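Structural description and commentary
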Amino acid sequence: MKKTALNHVHKALGAKMIPFAGYEMPVSYTGVIDEHLQVREHVGIFDVSHMGEFFVKGEGALPLLQYVTSNDVSKLTPGKIQYSCLPDGNGGIVDDLLVYCLEENHYMLVVNASNIEKDWKWINSHNSFDAVLTDRSDDYALFAVQGPRAVLALRTLTDMNLKEMKYYTFEQGRFFNVEDVIVSATGYTGSGGFEIYVPNREAERIWEAILAAGAVAEIKPIGLAARDTLRLEMGFCLYGNDIDETTSPIEAGLGWITKFSKDFIDKERLQEQKTHGTQRRLVGFEMTDRGIPRQAYPIMNKEGETIGHVTSGTQSPSLDKAIGMGYVATTYIDPGTEIFIDMRGKPRKAVVVRPPFYREEGE
Amino acid sequence: MNIPQDLKYTKDHEWVRIEGNTAFVGITDYAQGELGDIVFVEIETEGEELDSGEVFGTIEAVKTVSDLFMPFAGKVEEVNTELESNPEAVNDEPYGKGWMIKISFDDSADLSELLDAEGYKEVVG
């Protein structure tokens with residue numbers, strides 16, 4: 001099993017470690033509910049160094065990325081980031097990813113750890129554009145500093161203007177005396193904050209520096225379990241749960257990152273789905289009966305007929321109720337529709353809602 | 001890890017406190033730690049006679065769900081209703097306020113499979 005540069009640091013902090021996407025990763029430090037609320041109310045730091053980083057360079061970079069991703073990469077200017085996905089040519093999704101425009105003809109792709117090898121082969125197999133691809137996944141550590149106090153936690157470590165950094169933009173520069181660190185205003189929690197890409201050899205020094213500088217904001221390390229509950233409260237898709245090779249971006253509600261203004265893999269098929277609709281759609285739901293929905297539980301209508309299945313579910317620590325996402329037949333997607341989750345043979349009532357489940361106060 | 005000497009244990013990470021022909025059952029400190037934050041304990045078998053290994057309830061943590069098994073044959077006499085409003089008691093005091101059911105049993109119940117504290121310590125390594 002692979003280890004991130006911080007493996008021994010997590011163990012020393014008393015983290016519970018689990019195998020995840022081929023890496024030994026911290027799933028929790030003190031408890032998922034505590035850690036979740038820490039991010040919602042204060043600030044937390046996640047080691048997500050297992051994520052993959054590819055660099056795409058040269059004249060062929062833009063045409064290659066336009067062809068393999070669903071979003072319109074030509075809209076990106078240096079310093080901007082785009083959420084996108086890789087359609088698989090068969091109506092499914094190879095992976096979802098972030099595309100960073102570093103400079104003209106130079107991009108960084110951030111992909112899921114479990115898909116690094118698959119994505120690498122997939123993108124290379126379509127590189128008839130002579131773009132220069134480099135897989136730097138093993139060279140980079142990635143820390144997510146998330147929560148309303150993220151700026152307070154980080155501001156003494158860099159001259160970058162973190163406070164003014166707009167969502168889905170980034171800067172590259174000096175961070176705690178290390179050059180060329182990428183700091184982006186992105187994350188997977190819905191509580192704001194930053195993601196910080198650092199070379200592995202500096203990873204431990206920077207992690208310790210963030211914990212020390214962040215003490216003023218009471219920063220704490222957060223594990224993957226809370227990362228999952230935080231993203232699920234926002235209705236963000238998780239590859240392997242809510243999207244995969246059997247789900248289309250349109251079914252998954254990712255039409256907003258599928259742009260038909262350009263040619264790309266599966267364009268015609270997805271355009272057809274967008275125009276004429278799909279048989280099923282990904283929806284969010286809240287339990288009104290007791291019980292927590294789990295991946296693969298069947299979803300039924302009130303007549304007891306199976307209309308879909310759960311892809312993600314949890315007890316929401318912020319809302320203190322059980323929430324989930326799943327695919328249902330298109331006649332059941334309207335908010336307020338009553339559905340039933342088959343919890344090991346027992347039908348439990350739930351209601352379709354439009355994510356995000358959690359909204360910051362005042363929004 | 002807390003494994004009290006005066007209790008018996010199962011390989012399913014439950015503890016049993018035997019008092020004459022009744023027994024209290026809960027999950028071990030190790031089990032609550034592995035499950036993480038517990039949010040529901042659902043036991044709908046009060047009054048039922050169940051066989052050894054039969055499911056008497058389920059426990060839902062944020063991350064996962066787990067069945068609860070009868071440590072030996074008996075009747076579910078009482079359910080700890082406090083857990084409905086305070087399921088985190090299982091995390092905080094697995095051997096105390098976090099108890100789950102009280103069983104009555106007769107001489108036909110087979111207690112020979114139960115482990116003592118030393119035996120359970122080997123199970124959890």
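Whatever comes next refers back to the structure up there.
The present account deals with the structure reproduced in this document.

Definitions and cut-offs
Residues numbered from 1 in each chain as written. Chains lettered and ligands numbered in written order. Predicted model: local features only at pLDDT ≥ 70, side-chain atom pairs only at ≥ 80, totals over all residues. Heavy atoms only, no water. Helix = DSSP H or I, 4+ residues; strand = E, 2+ residues; numbered from the N terminus. Rg over C-alpha atoms; globule rule 2.2 N^0.38 Å. Buried < 20%, exposed > 50% of the residue type's maximum accessible area, 1.4 Å probe, protein only. Lys, Arg positive; Asp, Glu negative; His and termini not counted. Charge placed at Lys NZ, Arg CZ, Asp CG, Glu CD. 1 Å grid on protein atoms, 1.4 Å probe; cavity = no way out; pocket = protein on both sides within 12 Å on 5 of 7 lines; lining within 4 Å. Points joined across faces, edges and corners; volume = space filled by probe spheres on them. Nonpolar A, V, L, I, M, F, W, Y, C, P; charged D, E, K, R; others polar. Axes fitted to C-alpha atoms, helices over the stretch in contact; angles between N-to-C directions. Parallel < 35°, antiparallel > 145°, perpendicular 65-115°, else oblique. Left-handed = near helix turned anticlockwise from the far one by under 90°. Contact = heavy atoms within 4.5 Å. Phe/Tyr/Trp six-rings, centres within 6.5 Å; stacked < 30°, edge-to-face > 60°. Lys NZ or Arg CZ within 6 Å of the ring centre and 35° of its normal. Core = buried A, V, L, I, M, F, W, Y, C linked by side-chain atoms within 4.5 Å. Patch = residues over 30% accessible without salt bridge, like charges linked within 9 Å, V, L, I, M, F, W, Y side chains within 5 Å. Areas by Shrake-Rupley, 256 points an atom, 1.4 Å probe, with all protein chains shown as cover. Salt bridge = Lys/Arg side-chain N within 4 Å of Asp/Glu carboxyl O. Pairing = 2+ DSSP bridges. Buried area = accessible area lost by both parts, 1.4 Å probe. Polar contact = N/O pair within 3.5 Å; in protein donor to acceptor, adjacent residues only side chain to side chain.

1. Description of the overall build of chain B
Helix and strand counts for chain B stand at four helices and nine strands. For chain B, the N- to C-terminal ordering of α and β elements is β-β-β-α-β-β-β-β-β-α-α-β-α. Its C-alpha radius of gyration of 13 Å places chain B within 12% of the 14 Å reference for a compact globule of 125 residues. Across its three principal axes, chain B shows a C-alpha extent of roughly 40 × 35 × 20 Å. Across the 125 residues that make up chain B, the buried fraction comes to 50%. Here chain B contributes 8 positively and 30 negatively charged side chains, and the mean placements of these two sets differ by 5 Å.

2. Some points on the layout of surface pockets
Here the second largest pocket is characterised by a volume of approximately 370 Å³. Lining the second largest pocket we find 21 residues, and of these K16(A), S28(A), G33(B), E34(B) and G36(B) sit closest to its centre. Those elements that provide at least two residues to the lining of the second largest pocket are β2 (16-20) and β3 (23-28) of chain A together with α1 (29-35) of chain B. In terms of residue count, the dominant contributor to the lining of the second largest pocket is α1(B) (four residues). Broken down by class, the residue content of the lining of the second largest pocket amounts to eight nonpolar, nine polar and four charged.

3. A short note on the packing of helix α2 (residues 32-41) of chain A against helix α7 (residues 224-234) of chain A
All names here are of chain A. Across the interface, α2 lies against α7 with an axial gap of 8 Å and an inter-helix angle of 55°. Of the possible angle classes, the one that applies to α2 and α7 is oblique. The handedness of the crossing between α2 and α7 is right-handed. Residues V32, E35, H36, V39 and R40 of α2 pack against A225, A226, T229, L230, E233 and M234 of α7. For the contact of α2 with α7, a count of residues per class yields six nonpolar, two polar and three charged.

4. Regarding the packing of aromatic side chains
Going through the model one piece at a time under the given rule, you end up with 14 aromatic pairs over all chains. Centre to centre, the rings of Y100(A) and Y197(A) are 5.5 Å apart; their planes meet at 80°, and the pair counts as edge-to-face. Taken as a pair, Y100(A) in strand β7 (residues 93-103) and Y197(A) in strand β13 (residues 193-199) lie far apart in primary sequence, 97 residues in all. Its relative accessible area of 0% is what places Y100(A) among the buried residues. Look at Y197(A) and you get buried, because its relative accessible area is 1%. On the numbers, 5.0 Å between centres and 65° between planes, the contact of F72(B) with F105(B) is edge-to-face. One end of the pair, F72(B), is in the loop between β7 (65-69) and β8 (74-79); the other, F105(B), is in the loop between β9 (101-104) and α4 (117-124), with 33 residues separating them in the sequence. Judged by relative accessible area, F105(B) falls into the buried class, the value being 11%. In this structure an aromatic cluster arises from ring pairing among Y100(A), F170(A) and Y197(A). In this arrangement the basic side chain of R40(A) is found over the ring face of Y358(A), its NZ or CZ atom lying 4.1 Å from the centre. Taking the ring centre of Y327(A) as reference, the NZ or CZ of R280(A) above it sits at 4.4 Å.

5. Here we look at the nonpolar core
Residues and elements named next belong to chain A. Core analysis: the largest hydrophobic core is formed by 85 residues, its most contacted members being V56, Y100, Y107, L109 and I341. The biggest single contributor to this core is β7, with eight residues. Beyond its immediate stretch of four places on either side in the chain, I341 contacts F285, M287, P293, Y297, P298, I299, V310, K346, P347, R348 and A350. Within the second largest apolar cluster, 34 residues are counted, among which are Y29, V43, I45 and F143.

6. Considerations on a negative patch on the surface
Residues and elements named next belong to chain B. A cluster of like negative charges, contributed by E46, E49, E77, D106 and D107, occupies part of the molecular surface. Structurally, E77 can be placed in strand β8. Judged by relative accessible area, which is 37%, E77 ranks as partly exposed.

7. Topic: the sheet that holds β9(B)
Residue and element names in this part refer to chain B. Reading across from one edge, β1-β2-β3-β9-β8-β5 is the order of the six strands in this open sheet, with antiparallel pairing throughout. Strand pairing shows two members of the sheet lacking a second neighbour, β1 (8-9) and β5 (49-50), which therefore form its edges. Where strand β3 (residues 22-27) and β9 come together, four bridges link them in antiparallel fashion. Opposite T22, over in β9, you have S104 as the bridge partner.

8. Description of the sheet that holds strand β4 (residues 44-47) of chain A
All names here are of chain A. Spatial ordering of the open sheet is given by β11-β12-β13-β10-β4-β14, a layout of six strands whose pairing is mixed. Sheet topology places β11 (170-175) and β14 (220-221) at the edges, where each strand pairs with a single neighbour. As paired strands, strand β10 (residues 140-146) and β13 are joined by seven bridges and run antiparallel to one another. Among the inter-strand pairings, A141 is bridged to a residue of β13, identified as V198.

9. Topic: the interface of chain A and chain B
Taken together, the contact between chain A and chain B spans 18 residues of the former and 17 residues of the latter. Summed over both sides, the interface of chain A with chain B buries roughly 1400 Å², with 46% coming from carbon and sulfur. When the area that chain A buries against chain B is broken down by residue, the three leading residues are R290(A), R294(A) and R344(A), summing to 39%. Remark: the boundary between chain A and chain B carries six salt bridges. The salt bridge involving E42(B) is made with R348(A); its shortest N-O contact spans 3.0 Å. For the pair chain A and chain B, the number of links is 15 residue pairs in polar contact (both at pLDDT 80 or more). At the level of secondary structure, the elements contributing two or more residues to the side of chain A that touches chain B comprise α2, α7, β17 (306-316) and β20 (346-353) of chain A.

10. Points about the side chain of Q38(A)
The residue Q38(A) is located in helix α2 in this model. Excluding residues that lie within four positions of it along the chain, Q38(A) makes contacts with V43(A), E218(A), I219(A), K220(A) and I222(A).

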